[in-house]
Amino acid sequence: MDYTTELQKRNILRQNNAESNAITRECIESALIQLMEDKTFEQISITDITKKAGVSRNAYYRNYNSKEDILSKYLQNILSHMSGALKQYDPITQTKQAWVALLKVTEKFSPQYKLILKAGYGERLKMEFQKEMNQNITPGQHALYYSNCYWVGALCNILAEWVNNDMEVPIDELADIGSTLMVHGIQTINLYGNSCD
């Protein structure tokens, strides 16, 4: 028996299984997002998802434990793209470029983002983004931790409003507003006429 050939065959099978599982996950995620266009998240059953995805219940449970698990994984994908866009630029010296990159990613995922917000997962999105931003903070870095919380909250609220308003404000204009808010912070109260009255 040729052990080298047998190992090569097993490696090919593992690769095929991994590819097959990735395709199955993509089909399941797509099915859930498509179903959310017509039904509320709570109304969607596992049966609805598997039928729409064209996969068996076994395939579903091999990849996910629940509907919430699908949404969580999907959120991670969106956040990964958002985080990647932000990490390309220095938020201090390249503030506008960072905003433009973030807004372009948000625009790309806007139909799904809107459905996630509609399903009531806006807070979950914010929490996951916050976790991503604070993952490398060591105990005692309180200022950095709360600063990240502040900015994540601001970013998520702006993005949610923008998406819910069908992105009527052009990317360049919103990037200017966001940049001004980041650079001038509290001073924008006078600039924009904000008031607590």
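(A) A look at the packing of aromatic side chains. With the rule as written, the count across this model stands at five aromatic pairs. Between the aromatic rings of Phe-41 and Tyr-121, the centroid separation amounts to 5.4 Å while the plane-to-plane angle is 70 degrees, which identifies the pairing as edge-to-face. Taken together, the residues Phe-41 in the loop between helix H1 (3–36) and helix H2 (46–53) and Tyr-121 in the loop between helix H6 (110–118) and helix H7 (122–133) connect sequence positions 80 residues apart. By relative accessible area, Phe-41 is classed as buried at 4%. The class of Tyr-121 is buried, set by a relative accessible area of 12%.

(B) Region of interest: the environment of Ile-28. The topology assignment puts Ile-28 in helix H1. Taking the C-alpha atoms as reference points, Ile-28 and Tyr-64, separated by 36 residues in sequence, lie 9.2 Å from one another. Ile-28 has contacts with Ile-49, Ala-53, Val-55, Ala-59, Tyr-60, Tyr-64 and Ile-70, leaving out every residue within four places of it along the chain.

(C) Spotlight on unusual backbone geometry. Backbone geometry at Asp-166 places phi at a positive 55 degrees, although glycine is not the residue there. With respect to the helices and strands, Asp-166 occurs in the loop between helix H8 (142–164) and helix H9 (171–184). For Asp-166, a relative accessible area of 54% gives the class exposed. Although it is not a glycine, Met-167 sits at a positive phi angle of roughly 50 degrees.

(D) Main features of helix H4 (residues 67–87). Between its first and last C-alpha atoms H4 spans 30 Å; for 21 residues at 1.5 Å apiece the expected length is 30 Å, and the two agree. In this structure Ser-66 caps H4, since a side-chain oxygen of it lies 3.4 Å from the backbone nitrogen of Glu-68.

(E) Structural detail: the nonpolar core. Formed by 50 residues in total, the largest nonpolar core has its most connected members in Ile-28, Leu-32, Met-36, Ile-49, Met-82 and Leu-103. With nine residues, the top contributor of residues to this core is H4.

(F) Region of interest: the packing of H4 against helix H5 (residues 95–108). At a closest axis distance of 8 Å, the pairing of H4 and H5 adopts a crossing angle of 160 degrees. Of the possible angle classes, the one that applies to H4 and H5 is roughly antiparallel. Here the hand of the crossing between H4 and H5 comes out right-handed. For the pair formed by H4 and H5, the contact residues are His-81, Met-82, Ala-85 and Leu-86 on the first element and Ala-98, Ala-101, Leu-102, Val-105, Thr-106 and Lys-108 on the second. Of the residues assigned to the contact of H4 with H5, the class counts are seven nonpolar, two polar and one charged.

Cut-offs used in this document
Residues numbered from 1 in each chain as written. Predicted model: local features only at pLDDT ≥ 70, side-chain atom pairs only at ≥ 80, totals over all residues. Heavy atoms only, no water. Phe/Tyr/Trp six-rings, centres within 6.5 Å; stacked < 30°, edge-to-face > 60°. Helix = DSSP H or I, 4+ residues; strand = E, 2+ residues; numbered from the N terminus. Buried < 20%, exposed > 50% of the residue type's maximum accessible area, 1.4 Å probe, protein only. Contact = heavy atoms within 4.5 Å. Expected span 1.5 Å × (residues − 1). Polar contact = N/O pair within 3.5 Å; in protein donor to acceptor, adjacent residues only side chain to side chain. Core = buried A, V, L, I, M, F, W, Y, C linked by side-chain atoms within 4.5 Å. Axes fitted to C-alpha atoms, helices over the stretch in contact; angles between N-to-C directions. Parallel < 35°, antiparallel > 145°, perpendicular 65-115°, else oblique. Left-handed = near helix turned anticlockwise from the far one by under 90°. Nonpolar A, V, L, I, M, F, W, Y, C, P; charged D, E, K, R; others polar.

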